[in-house]
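Structural overview
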Amino acid sequence: MAMLKIDNLHVRVAGKEILKGLSLSVNPGEVHAIMGPNGAGKSTLGYALAGRDGYEIAQGTVEYDGRNLLELEPEARAAAGMFLAFQYPVEIPGVNNTYFLKAALNAQRKARGEAELDSMQFLKLVRAKLAVLQLKEDLLNRAVNAGFSGGEKKRNEIFQMALLEPKLAILDETDSGLDIDALKMVADGVNAMRAPDRAFVVITHYQRLLDYIVPDFVHVLADGRIVESGDASLALKLEEHGYAWIAQRQAPVEHRVGAA
Amino acid sequence: MDGLLGEFGSGDAQARAESWRYSRLALRALEQMPFQNAAGNAQLPPALIERFDWPQTRGHRLVFVNGVLDAAHSDAGASGAIIETAADGARTIRFRGKGVLHLVFANVASDAPSRWNATLHIRVESGKAYVAEQHVGTQGADVLGALTSEITIDDGAALQSATLGDLPGSASLVRRTRIALGNDAGFDATHALCGGRFQRFDIDAELAGAKAHLASRGVFALRGREHVDVHLDVRHAARDTVSDVMWRGVADGRARGILHGAITVAPGADGADARLETKNLLLSPHAEIDAQPVLEIYADEVKASHGATVGQLDERALFYLRSRGVPLAAARSLLIAGFCRAAFARIEATDLRGPFEALLDAHLPQNADGAA
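Definitions and cut-offs
Counting restarts for each chain, with residues numbered from 1 along the sequence as it is written. Chains and ligands are labelled by the order in which they are written, letters from A for the one and numbers from 1 for the other. Where local features are concerned, this predicted model is filtered to residues with pLDDT of at least 70; where side-chain atom pairs are given and counted, the filter is 80 or more; whole-chain, interface and lining totals use all residues. In this text, helices come from DSSP runs of H or I with a minimum length of four residues, and strands from runs of E with a minimum of two, each type numbered from the N-terminal end. Restricting the calculation to C-alpha atoms gives the radius of gyration, and the globule rule supplies 2.2 Å times the number of residues raised to the power 0.38. Residues are called buried when their C-beta atom has 20 or more other C-beta atoms within 10 Å, exposed when it has 12 or fewer, and partly exposed otherwise; all C-beta atoms are positioned from the backbone. It is the C-beta atoms, placed from the backbone, that decide contacts: two residues are in contact if theirs lie within 7 Å. Following DSSP output, two strands are said to pair if at least two bridges run between them. What counts as an axis is a line fitted to C-alpha atoms, over the stretch in contact for a helix, and the angles between N-to-C directions run from 0 to 180 degrees. By convention in this section, buried Ala, Val, Leu, Ile, Met, Phe, Trp, Tyr and Cys residues joined through C-beta atoms within 7 Å make up a nonpolar core. Roughly parallel covers angles under 35 degrees, roughly antiparallel covers those over 145, roughly perpendicular covers 65 to 115, and oblique covers all other angles. In this scheme the crossing of two helices becomes right-handed for a clockwise turn of the near helix relative to the far one and left-handed for an anticlockwise turn of less than a right angle. Amino acid classes used here: Ala, Val, Leu, Ile, Met, Phe, Trp, Tyr, Cys and Pro are nonpolar; Asp, Glu, Lys and Arg are charged; the rest, including Gly, are polar.

Focus on the overall build of chain B
What chain B contains, in helices and strands, is seven helices and 20 strands. Compactness check: chain B gives a C-alpha radius of gyration of 20 Å against a globular reference of 21 Å for 372 residues, within 12% of the reference. C-alpha extents for chain B along the principal axes are approximately 60 × 55 × 45 Å. Scored against the burial criterion, the 372 residues of chain B give a buried share of 50%. At a minimum sequence separation of 6, the contacts of chain B that also span at least 24 residues come to 81%.

This is the structure:
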C-alpha cells in the first residue's frame, strides 16, 4: 500500500491556482525526485503537504498512511511522521535550538503515545546525530537558525530530520545555496537514513543533488502538474536538454510509478 | 487643581498633558479613589516574603513596606552600600568599589485604598555596583506607590540595575528615575514589567560626562486591562557618549502599553552614538501599544538610529515550529518568550536572570496544550 497517495491535487495560493491536478504515489522505502522549472509549483507541493496556512486545497485528495492528511493540523502531520525540510529555514531569535528540538521531539512522542525523553536521554540522542552530520555542538546553544550561514541552516534542517526520524521526509530544494562539500554532507545525512520503512520526496531544481541521493523515480513538475515520470536517467536527460524539452509536453501523463 | 497629574507630571501644563496623553484616563480613575496614607508598619505575609527572599541576595537586601523601611526584613550588611537617612526620610545609598544591593518595595493592601511616597538617592562613587529592584504586592484594596530615585554615577564608575515590576492587579506604581552620568561612567539597566493596575516609569538620563554610556533594556508583558507607560528621556550632553535603548512589549486582552523613547543630542555632544529600538507584539485585537521614538539632534558628528515596530507573531516562524511537531499554543508561547528574552541577554549577574525569566513565564500566555 502506498504511504502517500496524492490524487488530482489542486492548490490555490492568494487566489491563484498553483497546483492543477497533481497526482503522485509514494511507497515506503522509495526516493522520489520532483524536478521542474521555477514557478512550476514545487515549493507549493511541500507547503501544502505540511499544512501551511494560506495553501488552499481547491480539489483532490491526499492520503497518508491510510488517513486523510488534509484534515490534520501541521503538528499532527509531524507527529504522524511527516517532515518538511524548508527551502528557506526560518530564523527565530530568542528561541534556543536545543529547547525547541526537545519540545518538538517530545510533543511528537507524546502525540504518538510514546514516553517523553528526559534531558539526559535527549542529549545523548542529539550528540549521536550531530556526529553523523559533522555539526558542532555549539550550534545547539544558539537561537534557531539565527545568524546561521546558508549551509548551516540546511545542515540544521537535515540534523532535525535525523533527530525526528520521520517516515516521510520532503526536502524542498535543500541543495540550493550549498557548496559541493555541504551538498555531500547533506546527501550523506539523507542516505544514512534511507530505510525500507521510510520514504523521501526530494524537490530540486538541479540534477546535481541526485548524483549523491540517487532516486528511484524522477518526476517533472511543470505548470502545476506532473508531466513526465521515469527512473533516475530522466534527471540526466533533463540536465542535457533543459526544461524546454519538457515544455511541449504539458498534457498530464499517467504516472507510472504507483505500482512499482 | 491638577490632581495626580500635577503631582507626577513635570514641566508646564502642555508638557505634562503631552507626556501623559496615553495615561491620563488611568490617572483620572486613580484620582477618584479616597486614598489614605499607607501603613508603613503593615505585616508582610509569608507568601510575599517568599517572592523576594532570594538566597543569592541575603545580606544584600533592603525591604520597604508601603514606602517605609522594614528593618526586620532588611539586612544589607554584605552589600557594600553605605546607607544614610535624611531628616525628611529620603535615603541615600552610596557605593565605593563593588556593591550588590537588592531593593524590595512591597505594596501591602489594607481595607481602604492607600498610597505611599518614597525617595532614594543612589550614588556610585567608584567601582561597579549591581542593584536589583523588585516591586511586589498583595491583592486587596488599591495601593498607589510613588518612588522617586535620583541616581548619580561618578566619573569612571558603573551601575548595573535590574528592575522587576511584578504587581497584583490592585497595585499601581509611579516610578520616576533621574540618572546623571559623569565622565566615562556607565549605566546598564534591564526591566521587566508585568501586572499591576497601572505602572508608569519615567526614566530621565543625562549623559553629562564625556564617554558616558547608557544601556536601557526592558520588556513589558501585559494582559487583561493592565496598563504600563514607559517614558525614556536620554540626553547626550557631552562628547563621545553612547546610548543603547532596546525595549520589547507584548500586549494581550485589553492591555495597553506605551513606550515613549526620546533621545536628544545637545549642541557640542559630537561623537555621540545613539540607538533606540522598540519592538512590540499585539496578541489580541483589543490590545494597544503605542511606540513613540523621538530623536532630536543638535550636534553635527553623530550616529543615531531608531526603529519602532508593532506587529503580530511571525506566521512563518509559527508554521516552522508546528511543522516540527510543536503544537500551536506551545509554538506561540515559545515565540513570545523568545521575543521578550532578547531584552535580558545582557544581564551580567546571570543568577539574576532566573527571576526575570520566571516572572515572564508567569505572565506570558502559556502552553494551553498542557493537558493534551
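From this point on, the discussion continues.
Considering the overall build of chain A
The secondary structure content of chain A amounts to nine helices and 12 strands. The C-alpha radius of gyration of chain A comes to 18 Å, within 12% of the 18 Å expected for a compact globule of 260 residues. Oriented by its inertia axes, the alpha-carbon framework of chain A measures out at about 55 × 40 × 35 Å. A total of 260 residues make up chain A; the buried ones form 45% of that total. Partitioning the intrachain contacts of chain A with sequence separation of at least 6 by distance along the chain shows that 73% fall at a separation of at least 24.

Examining the sheet that holds strand β9 (residues 168-172) of chain A
All names here are of chain A. One open sheet holds the six strands; their spatial order is β6-β9-β10-β3-β11-β12, and the pairing between them is mixed. Each edge of the sheet is formed by a strand with only one pairing partner; in this case those strands are β6 (82-85) and β12 (225-230). The sheet shows a mean angle of 20° between the axes of neighbouring strands, taken without regard to direction. Bridging between strand β3 (residues 31-35) and strand β11 (residues 217-222) involves four bridges; their strand directions are parallel. By the bridge assignment for β11, Ile-34 is matched with His-219.

Comments concerning the nonpolar core
Counting 186 residues, the largest nonpolar core has Ile170(A), Leu181(B) and Leu334(B) as its most contacted members. Here this core takes eight residues from helix α6 (residues 328-341) of chain B, the largest share from any one element. Discounting chain neighbours no more than four positions away, the residues touching Leu334(B) are Val95(A), Phe100(A), Ala103(A), Leu321(B) and Val326(B).

Brief notes about the pairing of β12(A)
All names here are of chain A. Sheet topology places β11 next to β12; five bridges connect them, and they run antiparallel. When the sheet's bridge partners are listed, Ala-222 is paired in β12 with Arg-225. The loop that links β11 with its antiparallel partner β12 comprises two residues; one of these, Asp-223, has a positive phi angle of about 50°.

Some thoughts on the packing of helix α5 (residues 315-323) of chain B against α6(B)
Residue and element names in this part refer to chain B. With their axes 9 Å apart at the nearest point, α5 and α6 run at an angle of 130° to one another. Classified by the interaxial angle, the pair formed by α5 and α6 is oblique. Crossing of α5 against α6: the hand is right-handed. Along its contact with α5, which presents Ala-317, Leu-318, Leu-321 and Arg-322, the element α6 presents Leu-328, Ala-331, Arg-332, Leu-334 and Leu-335. Classifying every residue of the contact of α5 with α6 by side-chain character gives seven nonpolar, no polar and two charged.

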